[in-house]
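This is what each chain is made of:
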Amino acid sequence: MINLVLFGPPGSGKGTQAQNLIAKYNLKQISTGDLFRYNIKNETELGKLAKSYIDKGELVPDQVTIDMLVDELKKPADVQGFIFDGFPRTTPQAEVLDTIVKDLFNEEITITLSLKVEDEVLVERLCERGKTSGRVDDSDESIIRNRIKEYYAKTAEVATYYQAQDKFAEINGVGDIQEISEKLYAEIDKVLA
Ligand code: C5P
Ligand code: MG
């Protein structure tokens, strides 16, 4: 299997790059943010709970997110592997992900690909996206800044977790979408070679 973690702050282009990666490597994208939004739209109990955090730009508690992820991973999927987009967001989530992938598939995370983008560009991108995304958390600059704050407080350290396993590559996330994809492919192909 190929199991990729797409890592980086909000607005760094994880979802955009996932689209190219799923096609090239026959992977299923698992975006925990998208799964939350699906639940919010359908007004499930999980959606109601998640919304109270997401609309403020805060992280949903680990166990809630992990349970949702496991449910999604257990669904049959005729693919080569998975792209984890927006998960793990905390070190405990990263530790659990290793266990889950081992227990369900007897596999490991192949590599974590990190997209590097400076904060002011992130704010600009997310404000722009907010004009059409319909997302409450894209609609207000102070919520956007809170998401970036949460990233530095709880998520950035996840890089250390994967670096310690020698499973981490950082790519400049500013530039032409296709050129960024090519750099990601090169990192993946290096591991697969
Ligand atoms: O990944 P995405 O930016 O779509 O996530 C949107 C929101 O969903 C995050 O700002 C956060 O509130 C919530 N989320 C979370 N834990 C995750 C993924 C998303 O709390 N692992
Ligand atoms: Mg996304």
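Note that residues are indexed from 1 along each chain, following the sequence as it is written. Written order decides the labels, with chains lettered from A and ligands numbered from 1. Residues qualify for local features only when their pLDDT is at least 70, as the model is predicted, and side-chain atom pairs are given and counted only at 80 or more; totals for whole chains, interfaces and linings, by contrast, use all residues. Where side-chain values are given, they derive from all heavy atoms of the structure, hydrogens and water being excluded.

## Thoughts on the sheet that holds strand S2 (residues 27–31)
Here is step 1: For two strands to count as paired, DSSP must find a minimum of two bridges between them. Secondary structure counts use DSSP, requiring at least four H or I residues in a row for a helix and at least two E residues in a row for a strand, with both numbered from the N terminus. If you trace the five strands from one edge of the open sheet to the other, you get S2-S3-S1-S4-S5, paired in parallel fashion. Looking along the sheet, the strands with just one partner apiece sit at the ends: S2 and strand S5 (168–172). Averaged over all pairs of adjacent strands, the angle between strand axes in this sheet comes to 20°, irrespective of strand direction.
Here is step 2: Pairing of strand S1 (residues 2–7) with strand S4 (residues 111–116) involves four bridges; the strand directions are parallel. The residue bridging phenylalanine 7 from the neighbouring strand is serine 114, located in S4. To get an axis, a line is fitted to the C-alpha atoms, and for a helix only the part in contact is used. The angle between two axes follows their N-to-C directions and goes from 0 to 180 degrees.

## Describing the site of ligand 1
Here is step 1: Being near a molecule or strand, for a residue, comes down to having at least one heavy atom within 4 Å of it. Every one of the 16 residues lining ligand 1 counts as a neighbour, but Arg37, Glu58, Val60, Gly86 and Arg89 are closest to it.
Here is step 2: A distance of 2.9 Å is found between an oxygen atom of ligand 1 and a side-chain nitrogen or oxygen belonging to arginine 37.
Here is step 3: Within the side chain of glutamine 93, one N or O atom sits 3.4 Å away from a nitrogen atom of ligand 1.
Here is step 4: The protein chains shown are the only cover counted for residues, whose accessible areas, like all others here, come from Shrake-Rupley with a 1.4 Å probe. Look at ligand 1: alone it shows 450 Å² of surface, and the protein chains cover 95% of it. In the analysis that follows, any N or O atom pair within 3.5 Å is treated as a polar contact, provided that within protein one partner can donate a hydrogen and the other can accept it, and provided that, for residues neighboring in sequence, both atoms belong to side chains.

## Overview of the nonpolar core
Here is step 1: In this structure, Leu69, Phe84, Leu97 and Tyr162 are the most contacted members of the largest nonpolar core, which totals 28 residues.
Here is step 2: Contributions of two or more residues to this core are made by S1, helix H2 (32–41), helix H3 (45–54), helix H4 (62–73), strand S3 (81–85), helix H5 (91–105) and helix H8 (158–164).
Here is step 3: Examining the composition of this core, we find that six residues originate from one element, H4, more than from any other.
Here is step 4: The criterion used for residue contact is that any of the two residues' heavy atoms lie within 4.5 Å. If we ignore the near neighbours within four places in the chain, the residues touching leucine 97 are Val5, Leu69, Phe84, Phe87, Pro88, Ile109 and Tyr162.
Here is step 5: Formed by 17 residues, the second largest nonpolar core is a distinct cluster that contains Ile111, Leu115, Ile171 and Leu184. The definition of a nonpolar core used throughout is a set of buried Ala, Val, Leu, Ile, Met, Phe, Trp, Tyr and Cys residues joined through side-chain atoms within 4.5 Å. Whether a residue is buried, partly exposed or exposed follows from its accessible area with a 1.4 Å probe, protein chains only, as a fraction of its type maximum: under 20%, in between, or over 50%, in that order.

## Focus: the packing of H2 against H4
Here is step 1: Viewed as axis vectors pointing N to C, H2 and H4 meet at an angle of 95°, and their least axial separation amounts to 11 Å. Considered as vectors, H2 and H4 are oriented roughly perpendicular to each other. Every residue of H4 that contacts H2 at Thr32, Leu35, Phe36 and Asn39 is listed here: Val64, Thr65, Met68, Leu69 and Glu72.
Here is step 2: Throughout this entry, Asp, Glu, Lys and Arg are counted as charged residues, while Ala, Val, Leu, Ile, Met, Phe, Trp, Tyr, Cys and Pro are counted as nonpolar. The remaining residues, Gly among them, count as polar. Classifying every residue of the contact of H2 with H4 gives five nonpolar, three polar and one charged. An angle counts as roughly parallel when it lies under 35 degrees, as roughly antiparallel when it exceeds 145, as roughly perpendicular when it falls between 65 and 115, and as oblique in every other case.

## Some remarks on the environment of lysine 28
Here is step 1: Turning to its location among the elements, lysine 28 is positioned in strand S2.
Here is step 2: When the C-alpha atoms of lysine 28 and asparagine 3 are compared, they prove to be 9.5 Å apart, with 25 residues separating the residues in sequence.

## Some details on the side chain of aspartate 85
Here is step 1: With respect to the helices and strands, aspartate 85 occurs in strand S3.
Here is step 2: In summary, the charge assignment counts Lys and Arg as positive and Asp and Glu as negative, without counting His or the chain termini. Salt bridges, as used here, are contacts in which a Lys or Arg side-chain nitrogen is within 4 Å of a carboxyl oxygen on Asp or Glu. Buried charge without a partner: aspartate 85 forms no salt bridge, and the closest opposite charge is lysine 14, 5.0 Å away.
Here is step 3: Sequence-distant contacts of aspartate 85, that is, excluding residues within four places in its chain, are made with Leu6, Lys14, Gly15, Ala18, Gln29, Ile30, Ser31 and Thr32.

## Concerning the pattern of salt bridges
Here is step 1: Inspection of every chain in the model, using the stated rule, returns 16 salt bridges.
Here is step 2: Between lysine 190 and glutamate 187 there is a salt bridge whose closest N-O contact spans 3.3 Å. With lysine 190 and glutamate 187 both in helix H9 (residues 177–192) and three residues apart, the pair spans about one turn of that helix.
Here is step 3: Overlapping salt bridges, with partners in common, bring together Arg129, Arg135, Asp137, Asp138 and Arg147 in one network.

## Focus on the packing of helix H1 (residues 14–25) against H9
Here is step 1: Between H1 and H9, whose axes approach to 10 Å, the crossing angle comes to 50°. In terms of their interaxial angle, H1 and H9 are classed as oblique. For the pair H1 and H9, the sense of crossing is right-handed. For the pair formed by H1 and H9, the contact residues are Thr16, Gln17, Asn20, Leu21, Lys24 and Tyr25 on the first element and Ile177, Gln178, Ile180, Ser181, Leu184, Tyr185, Ile188, Asp189 and Leu192 on the second. Crossing handedness is read from the near helix: turned anticlockwise from the far helix by less than a right angle, it gives a left-handed crossing, and turned clockwise, a right-handed one.

## Focus on helix H7 (residues 141–155)
Working note: α-helix, 3.6 residues per turn, so residues spaced by three or four point in the same direction.
Here is step 1: An expected span of 1.5 Å times one less than the residue number is assigned to each helix. Along its 15 residues, H7 runs 20 Å from first to last C-alpha, staying within 8% of the 21 Å computed at 1.5 Å per residue.
Here is step 2: Along H7, the positions that sit buried rather than exposed are Ile143, Ile144, Arg147, Ile148, Glu150, Tyr151 and Thr155. Axial view of H7: buried residues confined to an arc of 155°, hence all on one face. When the buried face of H7 is taken as reference, the exposed residues oriented beyond 90 degrees from it are Ser142, Lys149 and Ala153.
Here is step 3: Each element contacted by the buried residues of H7 is listed here: S1, helix H6 (119–133) and H8. Throughout, the arc means the angular range of directions from the helix axis out to the C-beta atoms.

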